[in-house]
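For reference, the chains in residue letters:
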Amino acid sequence: MVGDAEPGIFVGKLKDILQYSVKDPLKYVINWGRIYSLWPVHLETACCSVEWGAVSGPRFDIERWGMLGAFGSLRQCDVLIVLGTVNRKMAPRVRMIYDQMPEPKYVIAIGACACSGGLYFDSYSVLPGVDTILPVDIYVTGCPPRPEQFIQGLVMLQNKILSSNIR
């Protein structure tokens, strides 16, 4: 029934919109549009990709949070998700993927290997974290992190985008 909807839900959102948009309404509207239309490109190299598959599946359904599960072209994506170990041989290609993405672009490092090298941190061939070649916005720790942690990282990125200046 249409008349049974709770009136407090819309009033709560209206309060948030008015509170944040009074200072700079254009910035708020542009950033609000960005946080609910994130197009990711994910670089999967290890076991974290299985957890990413779970996040993209129907149980966790990441599209509810404003992010597509997968997208084809690098030139249309604005979020680079690095899942797993990044080798030194692979690093120039990862940087090339990042450089092809349009501005504004964001990076999420997921898992212990992407954040700090993981089990292979002292290896000659593994990067000690993807932040040595890319500016990382959000770190999601764990080996591998649970799907809830993926979603928490996404919400943290959305909060960061909402409070950022327009580029």
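Everything below is about the structure printed above this text.
Residues numbered from 1 in each chain as written. Predicted model: local features only at pLDDT ≥ 70, side-chain atom pairs only at ≥ 80, totals over all residues. Heavy atoms only, no water.

A. Summary view of the packing of aromatic side chains. Tallied over the entire structure, the rule returns two aromatic pairs. With centroids separated by 5.6 Å and ring planes inclined at 70°, the aromatic side chains of Trp32 and Tyr36 adopt a geometry described as edge-to-face. The class of Trp32 is partly exposed, set by a relative accessible area of 45%. Residue Tyr36 is classed as partly exposed on the basis of its relative accessible area of 42%. Here the basic side chain of Lys105 rests over the ring of Tyr98, its NZ or CZ set 4.3 Å away from the ring centre. (Phe/Tyr/Trp six-rings, centres within 6.5 Å; stacked < 30°, edge-to-face > 60°. Buried < 20%, exposed > 50% of the residue type's maximum accessible area, 1.4 Å probe, protein only. Lys NZ or Arg CZ within 6 Å of the ring centre and 35° of its normal.)

B. Representation of the pattern of salt bridges in the model. Applying the stated rule across the entire model yields four salt bridges. Where Arg146 meets Glu148, a salt bridge forms, and the shortest distance between an N and an O atom there is 3.1 Å. (Salt bridge = Lys/Arg side-chain N within 4 Å of Asp/Glu carboxyl O.)

C. View of helix 6 (residues 147–162). Here helix 6 contains 16 residues, and its C-alpha end-to-end distance of 23 Å stays within 8% of the 22 Å for a straight helix at 1.5 Å per residue. If you check which residues of helix 6 are buried, you get Pro147, Phe150, Ile151, Gly153, Leu154, Leu157, Gln158 and Ile161. Summarising the axial view, the buried residues of helix 6 lie within an arc of 155°, below the 170-degree limit, and thus occupy one face. Tucked inside the fold, the buried residues of helix 6 contact helix 2 (25–35), helix 3 (48–56), strand 2 (79–83), strand 3 (106–110) and strand 4 (138–140). (Helix = DSSP H or I, 4+ residues; strand = E, 2+ residues; numbered from the N terminus. Expected span 1.5 Å × (residues − 1). Arc of directions from axis to C-beta. Contact = heavy atoms within 4.5 Å.)

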